[in-house]
Structure formats: C-alpha cells, structure tokens
Amino acid sequence: MENIIFFFSGTGNSLKVAKDIAKEIENCKIVSMVKPYGFTKQYDSIGFIYPTYFWGLPKKVIEFIENIKLDNNKNAYYYSITTYGGSAGNAVYQLYELLLNKHGIKLNYGQKLQMFSNYVVIYDMSEKINKITEKSSEKLIPIIDSIKMKKNNRINGITKIFRFINKNFIKKVSTMDKNFTIDNNCTGCGICEKVCPAKNIVLVTNKPQYNHHCEQCVACIQFCPQKAINYNDATQNRRRYINPEINYKELYEYNNK
Ligand SMILES: Cc1cc2nc3c(=O)[nH]c(=O)nc-3n(C[C@H](O)[C@H](O)[C@H](O)COP(=O)(O)O)c2cc1C
Ligand code: SF4
Ligand code: SF4
C-alpha cells in the first residue's frame, strides 16, 4: 500500500524532514499543502509536517486540514511533526484537535522537532547553522523509527495563551506583507516570486509586488540573494537562513506539482 506526506515549508526545514521520512518508508510520496488535495486512493499512512507559527499552526495548514476529504482514509496511520525554533506551544495539539473535530480522526502520533529558528523579523539568525542542523538530524532518527513502527503517543494541549496568540496571528497574517520593503539592490531576478508558497508576489516592472495573502513564512526575505527584502527597518543588519539541503528550485517544484 502507498504512503503520503503532506508538508508546508517556508525556508526548507519541514520539507527536509518530509524528505528524510519519505526515504525511510516504502512507496511514499510528498505533497505540498499549498493546494487542495483530492484523495483518489487509500493510504497506509498519512503524515503532516509543518513549521510552528506563533505557538500554533500556519494558516495554510489550518485551511488544508479543514478542506481535505478523508472519508476513504479513516483507517490510515496518522502522524504529524511540527518543526520549531524555541517553543512549539500548541502546534501539534492544534492539528490533533482539527483532525478530530473536522474529520473524526484521531492523530496516532505527534511530535515536535527543534530545528533552526528562522523568524528573522523578530531576531537575528544564529551563526551555528551546522551545529543546530546536526542536532535536529540526530533527534529525527527515533521519530522516524516510531513512525515506521506505527507507534501511538499521547498528545497534550497546552495553555490558553498559546491558542489566543495563534488566533491573533491568523487574523492579521494576510496583510503583514504591508511591512515588507524592497531596496535598490533588487535585480528583478524573480526568486522571491518563485519561492512564495502563497503566490503572494508578482513581479511588476521587475520589482516584487505583494498582494496581501501572505503566510509570513519569510521565504522571500530569506531567499533573496541581494538581501533586498526587509521587514520595516528590523532586518537590514540580520543574517539570512535557508535549510542547507533545500534550494529554491526544489521548493518551487514541490509547491507547483
Ligand atoms: C511567522 C513565524 C512564526 C514562528 N513562530 C514560532 C514559534 O512560535 N515557536 C517556535 O519555536 N518557532 C517559531 N518559528 C520558527 C519556525 O517554526 C522554525 O524555524 C521552522 O523550522 C521553520 O520551518 P520551515 O523552514 O519549514 O519554514 C516561527 C517562524 C515564523 C516564520
Ligand atoms: S529575490 Fe530579491 S533581487 Fe530577486 S526579484 Fe525578489 S527582491 Fe528582487
Ligand atoms: S510574501 Fe513572503 S512571507 Fe509572505 S507568504 Fe510569500 S514568501 Fe512567505
């Protein structure tokens, strides 16, 4: 039987995890959550891999889970992993709740995996990319083993404050792109347009224009080879980060399959 992993990713961490798991499971395909998905067959296992945003789920992930039809896949093994930087808050439990409330499906296994923290809008990027990446890869090994053995675990919800903070973020996220600025270093290369998982950027006379359906994944800021995209005046002097094993072409291909 076949297996499927759904992912959402801005800077590549969650795609890297999806790829590492898919390598270890036979007959496993990887599908982006940026578009609705119509199931045509039954799967043995169904995974969801996504970053933590404001202690909860990204908007795209909420919409994707709300809209999929899982009626023919009620008996699959369901698992989820959230990649996060410092605190995953409610990001696993929120998915557990959504699956249960919307589809009557119990998430069998949920985990958080600490990876490189990419939210450049709030803090500078750590210089310790290699060390942090190495640690994450080590922590992923037992998680993959558990998924291969179809283990179950208990998924606990955390405090109301996390729920409140994520709800507020989801409310305003679409228009947070009004804070992005483009400076004169922009060469019109179009990488930001390609890498945006929300198709929120269109190049107009060789300059990116934002269209207010942003997910705040920061891929445009992080992938711009000229560091020409900034968030107000917060990010000009900060380093940039992209998962060392994922490039923009690969993200683009997965998001546009
Ligand atoms: C908008 C936004 C909000 C974030 N919020 C959190 C958070 O609440 N807790 C946390 O630990 N990391 C947070 N992060 C960091 C990401 O969850 C982390 O770097 C993740 O691995 C990025 O995955 P990706 O490379 O697949 O996009 C946030 C990142 C972004 C862009
Ligand atoms: S990625 Fe940077 S340089 Fe390229 S078009 Fe976008 S803003 Fe301009
Ligand atoms: S506009 Fe930038 S931050 Fe917003 S979804 Fe697109 S790539 Fe991500």
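Residues numbered from 1 in each chain as written. Chains lettered and ligands numbered in written order. Predicted model: local features only at pLDDT ≥ 70, side-chain atom pairs only at ≥ 80, totals over all residues.

Caption draft 1: How the structure looks around the site of ligand 3. Looking at ligand 3, there are 15 residues lining it, with Cys-196, Cys-214, Glu-215, Cys-217 and Cys-220 nearest. The residue inventory of the shell around ligand 3, partitioned by class, reads 10 nonpolar, 3 polar and 2 charged. (Near = placed C-beta within 6 Å. Nonpolar A, V, L, I, M, F, W, Y, C, P; charged D, E, K, R; others polar.)

Caption draft 2: Seen up close, the packing of helix α2 (residues 59–67) against helix α3 (residues 91–103). Between α2 and α3, the shortest axis-to-axis distance is 9 Å and the interhelical angle comes to 25°. Relative to α3, the element α2 is oriented roughly parallel. Crossing of α2 against α3: the hand is right-handed. Side by side, α2 and α3 meet where Ile-62, Ile-65 and Glu-66 of the first sit next to Leu-95, Leu-98, Leu-99 and Lys-102 of the second. Here the contact of α2 with α3 is composed, by residue class, of 5 nonpolar, no polar and 2 charged. (Axes fitted to C-alpha atoms, helices over the stretch in contact; angles between N-to-C directions. Helix = DSSP H or I, 4+ residues; strand = E, 2+ residues; numbered from the N terminus. Parallel < 35°, antiparallel > 145°, perpendicular 65-115°, else oblique. Left-handed = near helix turned anticlockwise from the far one by under 90°. Contact = placed C-beta atoms within 7 Å.)

Caption draft 3: Geometry of the pairing of strand β7 (residues 201–204). The sheet contact formed by β7 and strand β8 (residues 207–210) spans 4 bridges and is antiparallel. Residue pairing for β8: Ile-201 is matched across the bridge by Tyr-210. Here β7 hands over to β8 after 2 residues, with Thr-205 in that stretch at a positive phi of 40°. (Pairing = 2+ DSSP bridges.)

Caption draft 4: Structural context of the site of ligand 1. Taken together, the neighbourhood of ligand 1 is formed by 27 residues, with Ser-9, Gly-10, Asn-13, Ser-14 and Pro-51 sitting nearest. Elements represented by at least two residues in the shell around ligand 1 include exactly α1 (13–24) and β4 (77–84). Counted by class, the shell around ligand 1 contains 11 nonpolar, 16 polar and no charged residues. Of the domains in this structure, domain 1 (2–164) and domain 2 (171–255) are the two that each give at least three residues to the shell around ligand 1. (Domains from an automatic or database assignment.)

Caption draft 5: Geometry of the packing of α1 against helix α4 (residues 129–148). Contact geometry for α1 and α4: axes closest at 10 Å, N-to-C directions at 50°. Taken as axis vectors, α1 and α4 run oblique relative to one another. The interaxial crossing formed by α1 with α4 has right-handed handedness. Residues Val-17, Asp-20, Ile-21 and Glu-24 of α1 lie in contact with α4, whose contacting residues are Leu-140, Ile-144, Ile-147 and Lys-148. Tallied by class, residues from the contact of α1 with α4 come to 5 nonpolar, no polar and 3 charged.

Remember that the coordinates give geometry; whether it matters functionally is a separate question.
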